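A closer look at the structure
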Amino acid sequence: MSETVLEVRHLSKSFLNSGGKETNEVLNDLSLTVEKNEFLCILGPSGCGKTTMLRCVAGFETYEGEILTEHGVTHGPGTDRIMVFQDFNQLFPWKTVEKNIQYALKLQGIRDKAVLKKKSDEALHKVKLDGYQNYYPYQLSGGMKQRVAIAKAFALKPGIILMDEPFAALDAMTRNRLQRKLLELHSQEGCTILFITHNILEAIALGTRVIVLQNGGRIVVDERNPIPRPVTPDSPGYGAFWTKLHDALYVE
Ligand SMILES: Nc1ncnc2c1ncn2[C@@H]1O[C@H](COP(=O)(O)OP(=O)(O)OP(=O)(O)O)[C@@H](O)[C@H]1O
Ligand SMILES: [Mg+2]
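Digging into the sheet that holds strand 4 (residues 64-69)
The pairing of strands in a sheet happens through backbone hydrogen bonds and is either parallel or antiparallel. Reading across from one edge, 2-1-4-5 is the order of the four strands in this open sheet, with antiparallel pairing throughout. Two strands close off the open sheet at either side, each with one partner strand: strand 2 (23-35) and strand 5 (72-73). Sheet topology note: the strand 1 (residues 4-16)/strand 4 ladder contains five bridges and is antiparallel. By the bridge assignment for strand 4, V8 is matched with I67. Running over the sheet, helix 1 (residues 50-58) touches strand 1, strand 2 and strand 4 and is turned about 120° from strand 1.

Dropping the structure here:
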């Protein structure tokens, strides 16, 4: 039976424009329900409010409407919703790789050094970064930094992982490897993921469900991915699903 882990109810968000006088309504009455273990990919043109929506769910913004998780109505950030960004510089530069992960675990109340070490080692093992515990972020490649950010997110075992184009700045080969790693983690760890991407192929390869947003945060497509994993361009239904997403994305 499906179990709702996130409910966005009538979410609206406006920002003041640069003059500080008029408001710019970015999200207008967006409602969305996400079930446990879903891998929800979010496509949409630049500026349609994808990041804003994710930041509202993460608790980084004020907004109108309500956002509920398994624990009830959210008020601000919580370690039940972890965000992974596009930016390679999302780790603390003055902390080693393992201390970055352990810092987040400490916020969850874990104090025992042996437990912290075990958990950070396990997290790094999952993303094949064994042996890099004592490296600083500046000593890692972009792809390795993103792997640490993903390891950190999974180590916290949050109900929901929020990913804002985490692979967009990577080369195609690294991106492909990390996509496969993320699929593996998603099926092994049993978590719910909201994943923003500009890339239709990425959305089809990763998502169990794909939504397309247009301006105002209007949901114009909301479809279960009909293609079973692993998705290849030869998978039956691939072309039809791609066309549907493409047409919804490039409508305006
Ligand atoms: N802090 C802010 N102050 C004012 N306006 C903002 C702020 N953050 C976002 N906006 C505005 O909200 C709109 C949506 O921005 P958002 O970053 O959510 O878009 P996006 O869909 O993530 O785009 P992209 O695909 O380019 O990342 C834009 O018009 C942007 O200028
Ligand atoms: Mg964005």
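Read on, since the account is not over.
What about the sheet that holds strand 8 (residues 192-196)?
If you trace the six strands from one edge of the open sheet to the other, you get 6-7-8-3-9-10, paired in mixed fashion. Since the sheet does not close on itself, it has two edges, and those belong to strand 6 (81-84) and strand 10 (218-224), each with one partner. Geometrically, the sheet is characterised by an average inter-axis angle of 15° between neighbouring strands, direction not taken into account. Relative to strand 7 (residues 160-164), strand 6 runs parallel, the two being bridged by four bridges. Looking at strand 7, one finds that M83 is bridged to L162.

Observations regarding the site of ligand 1
F15, V26, G44, S46, G47, C48, G49, K50, T51 and T52 make up every residue found near ligand 1. Here the element with the most residues in the shell around ligand 1 is helix 1; it accounts for three residues. Of the residues contributing to the shell around ligand 1, the split by class is three nonpolar, six polar and one charged.

A closer look at the packing of helix 2 (residues 97-107) against helix 3 (residues 113-126)
Relative orientation of the contacting elements helix 2 and helix 3 amounts to 115°, with a least axis distance of 9 Å. The crossing of helix 2 and helix 3 is right-handed. Taking contact as the criterion, the partners of V97, E98, I101, Q102 and L105 in helix 2 are, on helix 3, L116, K119, S120, A123 and L124.

Examining the domain arrangement of the protein chain
Here the protein chain is described as being made up of domain 1 (4-80 + 160-249) and domain 2 (91-157). Taken over C-alpha atoms, the centre of domain 1 sits 25 Å from the centre of domain 2. With 12 residues of domain 1 at the interface, the matching set in domain 2 holds 12 residues. No other element matches helix 5 (residues 172-189), which puts six residues into the side of domain 1 that touches domain 2. Class assignment of the residues belonging to the side of domain 1 that touches domain 2 gives a composition of eight nonpolar, two polar and two charged.

A word on the environment of L249
Locating L249 in the fold gives a position in helix 7 (residues 238-249). Those residues in contact with L249 that sit more than four places away from it in its chain are L43, P45, I200 and V212.

Concerning the packing of helix 4 (residues 142-155) against helix 5
At a minimum axis distance of 11 Å, the contact between helix 4 and helix 5 shows a crossing angle of 10°. When the axes of helix 4 and helix 5 are compared, the pair comes out roughly parallel. Every residue of helix 5 that contacts helix 4 at G143, Q146, R147, I150 and F154 is listed here: T174, L178, L182, L185 and E189. Residues of the contact of helix 4 with helix 5, tallied by class, amount to five nonpolar, three polar and two charged.

Calculation criteria
- Residues numbered from 1 in each chain as written.
- Chains lettered and ligands numbered in written order.
- Predicted model: local features only at pLDDT ≥ 70, side-chain atom pairs only at ≥ 80, totals over all residues.
- Pairing = 2+ DSSP bridges.
- Helix = DSSP H or I, 4+ residues; strand = E, 2+ residues; numbered from the N terminus.
- Contact = placed C-beta atoms within 7 Å.
- Axes fitted to C-alpha atoms, helices over the stretch in contact; angles between N-to-C directions.
- Near = placed C-beta within 6 Å.
- Nonpolar A, V, L, I, M, F, W, Y, C, P; charged D, E, K, R; others polar.
- Left-handed = near helix turned anticlockwise from the far one by under 90°.
- Domains from an automatic or database assignment.
- Parallel < 35°, antiparallel > 145°, perpendicular 65-115°, else oblique.

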